[in-house]
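Spelled out, the chains give:
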Amino acid sequence: MSHTLYPLRHPRLQRSTLAVPASNVTMIEKAADSAADVVFLDLEDAVAPADKPQARKNAIAALNGIDWRGKGKTVSVRINGLDTHYMYRDVVDIMEQAGDRVDMLLVPKVGVPSDLYMVDALINQIEQGCGLTTRVGIEALIETALGMANVEAIAQFGGRLEALHFGVADYAASMRARTTNIGGLNPLYPGDQWHASITRMVIACRAYGLRALDGPFGDFSDPEGYMDGARRAAALGCEGKWAIHPSQISMANDVFSPPEAEVAKARRIIAELRLAESMGKGAASLDGRMIDAASEKMANNVLVLAEAIAAKG
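To start, this report covers the structure provided alongside it. The structure displayed is predicted, hence computed values, not measured ones. (Residues numbered from 1 in each chain as written. Predicted model: local features only at pLDDT ≥ 70, side-chain atom pairs only at ≥ 80, totals over all residues. Heavy atoms only, no water.)

**Some points on the pattern of salt bridges**
What the rule picks out here adds up to 24 salt bridges. Ionic pairing is found between aspartate 170 and lysine 109, a salt bridge with its closest N-O pair at 3.4 Å. Taken together, the residues span a long stretch of sequence, with aspartate 170 in helix α7 (residues 168-175) and lysine 109 in the loop between β4 (104-107) and α4 (113-130) at a distance of 61 residues. Overall, aspartate 170 belongs to the partly exposed group, its relative accessible area being 24%. Among the residues examined, lysine 109 registers a relative accessible area of 27% and is labelled partly exposed. Here glutamate 260 and arginine 267 are joined by a salt bridge, their closest N and O atoms 3.9 Å apart. The class for glutamate 260 is exposed, based on a relative accessible area of 57%. Taken together, the shared-partner salt bridges connect Asp42, Glu44, Asp45, Arg78, Lys109 and Asp170 into one network. (Salt bridge = Lys/Arg side-chain N within 4 Å of Asp/Glu carboxyl O. Helix = DSSP H or I, 4+ residues; strand = E, 2+ residues; numbered from the N terminus. Buried < 20%, exposed > 50% of the residue type's maximum accessible area, 1.4 Å probe, protein only.)

**Focus on the nonpolar core**
Ranked by internal contacts, the top residues of the largest apolar core, which has 72 residues, are Leu41, Leu63, Trp68, Leu105, Leu116 and Leu164. Residues within four places of tryptophan 68 in sequence aside, it is in contact with Ile28, Ala32, Val39, Leu41, Ala62, Leu63, Lys73 and Val75. (Core = buried A, V, L, I, M, F, W, Y, C linked by side-chain atoms within 4.5 Å. Contact = heavy atoms within 4.5 Å.)

**Quick look at the packing of aromatic side chains**
In total, this model carries 6 aromatic pairs according to the counting rule given. Ring geometry for tyrosine 6 and tyrosine 208: centres 4.9 Å apart, planes at 65°, overall edge-to-face. Of this pair, tyrosine 6 sits in the segment before β1 (16-21) while tyrosine 208 sits in helix α8 (residues 195-208), and the two are 202 residues apart along the sequence. Taking relative accessible area as the criterion, tyrosine 208 reaches 18% and is therefore assigned buried. When the ring of phenylalanine 217 is compared with that of tyrosine 226, the centres are 6.3 Å apart and the planes differ by 85°; the resulting orientation is edge-to-face. (Phe/Tyr/Trp six-rings, centres within 6.5 Å; stacked < 30°, edge-to-face > 60°.)

**Comments concerning unusual backbone geometry**
Even without being a glycine, lysine 109 presents a positive backbone phi close to 50°. You will see that arginine 176, though not glycine, has its phi angle at about 55°, which is positive. Of note, arginine 176 is situated in the loop between α7 and α8.

**Notes on α4**
Relative to the 26 Å expected for 18 residues at 1.5 Å per residue, α4 spans 26 Å between its end C-alpha atoms, a close match to the ideal helical length. For α4, every residue scored as buried is listed here: Asp115, Leu116, Val119, Asp120, Ile123, Ile126 and Glu127. Looking straight down α4, one finds its buried side chains confined to an arc of 130°; they lie on one side. With respect to the buried face of α4, the exposed residues turned more than 90 degrees away are Tyr117, Gln125, Gln128 and Gly129. Looking at the buried positions of α4, the neighbouring elements they touch are α3 (87-98), β4, β5 (137-142), α6 (151-155) and β6 (161-166). Backbone geometry just after α4 places glycine 131 at a positive phi near 65°. (Expected span 1.5 Å × (residues − 1). Arc of directions from axis to C-beta.)

**So, the pairing of β4**
Of the two faces of β4, both are covered, the one formed by Met104 and Leu106 as well as the one formed by Leu105 and Val107. Two strands pair when backbone bridges link them, and strand β3 (residues 74-78) and β4 are joined in this way by 3 bridges, in the parallel orientation. Residue pairing in the sheet places valine 77 in a bridge with leucine 105 of β4. Relative to β5, β4 runs parallel, the two being bridged by 4 bridges. Its bridge partner lying in β5, leucine 105 is registered against isoleucine 138. Handedness of the β4-α4-β5 crossover: right-handed. (Pairing = 2+ DSSP bridges. Right-handed = clockwise from strand over helix to strand, strands pointing away.)

Any functional reading would require information that these geometric values do not contain.
As structure tokens, then:
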């Protein structure tokens, strides 16, 4: 193990991240009572330009008017991109009027670390100027070729950065990739064309202590396609996935929750290794297979997640 270690900066249960257009008040109210771990109020792609000022007001009203934490929800706001004139007002208004009520700001289309520096600096100044006590986190969307080319440098940005999300739709457009739908696979490609990109992002996250999240699957009439995509993302190390429709929430929660049999096995691994340790052994066997220190780390990952799910109730 290297002497250079980056522990997880901010653990959060984020199996499902429900995207809600802030222009739709009814959908916001329903999202607060959903089973999603995280809800993000969208000021960006899901909101038409003419509706953005009102959507911002709706988001502020929802942050202040709904007891998100009492409902067991982490709530985030996706601001507009740094290449638009909406972005600064999103940050200023959200932070000044609801800064103690929002948990995270989701920054879209991050291309270079200085994009995060700008948002981080604004948040810092507003928190200090307004005397806010809640430390608002930052999430970054990796959804352009530039962002993926710089993903390791972006992941190393300190400050408030907690997580990276893979935004497959804009990423496909940026890469000029041929695809059938948002998050879907191209049948002419021999496998999963997003595999390499998600893997690169997950590696950057795990190297530098960030959560790794998979983004949307656009065809909400195809639950099997969603489940397949979620399973692939989980296999690569993502800990959650977006839901762009309420029907996708339970699927995400299911895929990214360890089955009870897996939790029970993790507990047995820890118990067997403790027994071996008491006997002066560095390894043990379980069900005819060797287990060692690496097995313990994998088992602990399962148990930490299971405990977070149980704590949520």
